[in-house]
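Chains, contacts and geometry: an overview
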Amino acid sequence: MKKFVLPALLVALLAGCSSTGTFDQAGGTAVEDRSTGAPGVATVTAPSMAGSGIAALTDPNNILSKRSVFFDFDQFVIKPEARPLIEAHARFLVQNPQMKMLIQGNTDELGSREYNLALGQKRADAVRQALTLLGAKESQIESVSLGEEKPRCGESNESCFAQNRRGDMLYSGEF
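Residues numbered from 1 in each chain as written. Predicted model: local features only at pLDDT ≥ 70, side-chain atom pairs only at ≥ 80, totals over all residues. Heavy atoms only, no water.

If you check an unreviewed UniProt entry, the chain appears there as Peptidoglycan-associated lipoprotein from Aromatoleum anaerobium. Recorded in UniProt for the chain, the comment headed Subcellular location (unreviewed entry) runs: "Cell outer membrane". Heading Function (unreviewed entry) of the UniProt record for the chain holds this comment: "Part of the Tol-Pal system, which plays a role in outer membrane invagination during cell division and is important for maintaining outer membrane integrity." (UniProt positions renumbered as here; feature names shortened; annotations may be inferred.)

Structural data, given as structure tokens:
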């Protein structure tokens with residue numbers, strides 16, 4: 001009985017795995033024809049990711065092209081108006097896990113060098129923490145302080161000081 005059962009199972013298994021492919025003329029190997037869809041199987045195409053790819057980082061019409069989070073004088077609390085910007089960048093990092101970000105914390109020229117370096121680090125860390133709370137991986141983000149060393153505006157007035165109180169988000173290849 002065992003003589004017949006084992007060969008019968010082997011034949012059934014091989015018959016179930018056979019394909020009705022054609023042979024490649026060059027090498028003689030079987031090639032399965034998949035040009036027509038299998039019955040009951042629908043072709044699925046992914047929805048367009050327009051605006052969420054790497055090109056979106058430089059598109060001036062996309063929020064991802066905006067890279068600075070501004071802070072009030074002597075503060076490192078993120079303002080409510082920066083929330084959509086941070087949410088967009090967090091979403092981008094989640095969708096692009098290969099991307100890395102460097103956050104540079106900046107300050108105005110008021111205060112000592114040491115104080116400004118510490119405040120710049122707190123600002124960069126605040127942005128990093130907000131991004132990670134929204135789903136970005138900690139391994140994707142690095143935060144550093146530049147203090148007052150990289151001003152956006154060099155004049156000594158309040159409007160320039162306000163431009164210098166910021167955290168800048170830079171992606172791989174930009175730093």
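The discussion continues.
**Section: the pattern of salt bridges**
Overall, the coordinates contain 9 salt bridges when judged by the stated rule. Between arginine 113 and glutamate 149 there is a salt bridge, with its nearest N and O atoms 3.9 Å apart. Linking arginine 113 in helix α3 (residues 113–133) with glutamate 149 in the loop between β5 (141–147) and α4 (158–164), this pair joins segments that are 36 residues apart in sequence. Of the charged contacts, one joins arginine 165 and glutamate 158 as a salt bridge, the two residues approaching to 2.8 Å between their closest N and O atoms. Residue class for arginine 165 comes out buried when judged on its relative accessible area of 4%. (Salt bridge = Lys/Arg side-chain N within 4 Å of Asp/Glu carboxyl O. Helix = DSSP H or I, 4+ residues; strand = E, 2+ residues; numbered from the N terminus. Buried < 20%, exposed > 50% of the residue type's maximum accessible area, 1.4 Å probe, protein only.)

**Here we look at unusual backbone geometry**
The residue aspartate 74 is not glycine, and still its phi comes out positive at about 60°. With respect to the helices and strands, aspartate 74 occurs in the loop between β3 (68–70) and α2 (83–95).

**Some thoughts on the confidence of the model for the chain**
Considering every residue of the chain, the mean pLDDT works out to 82; 70% of them sit at 70 or more. Considering only residues more than four positions removed or in separate chains, one finds that residues 17–27, a stretch of pLDDT under 50, has 10 contacts. Scored below 50 in pLDDT, residues 40–51 shows 4 contacts in the model against residues more than four places distant or in partner chains. (pLDDT = per-residue confidence, 0-100. Contact = heavy atoms within 4.5 Å.)

**Re the sheet that holds β3**
Strand pairing in a sheet relies on backbone hydrogen bonds, with the paired strands running either antiparallel or parallel. With mixed pairing, 4 strands are arranged side by side in an open sheet as β3-β6-β4-β5. Each edge of the open sheet carries a strand with a single partner, namely β3 and β5. The mean inter-strand angle of the sheet, taken between neighbouring strand axes irrespective of direction, is 20°. Inspection of the sheet shows strand β4 (residues 101–106) paired to β5 by 6 bridges, in the parallel sense. Each bridged residue has a counterpart across the sheet, and for asparagine 106 the counterpart in β5 is glycine 147. Set on the sheet, α2 makes contact with β3, β4, β5 and β6 (166–171); between it and β6 the angle comes to about 25°. (Pairing = 2+ DSSP bridges. Axes fitted to C-alpha atoms, helices over the stretch in contact; angles between N-to-C directions.)

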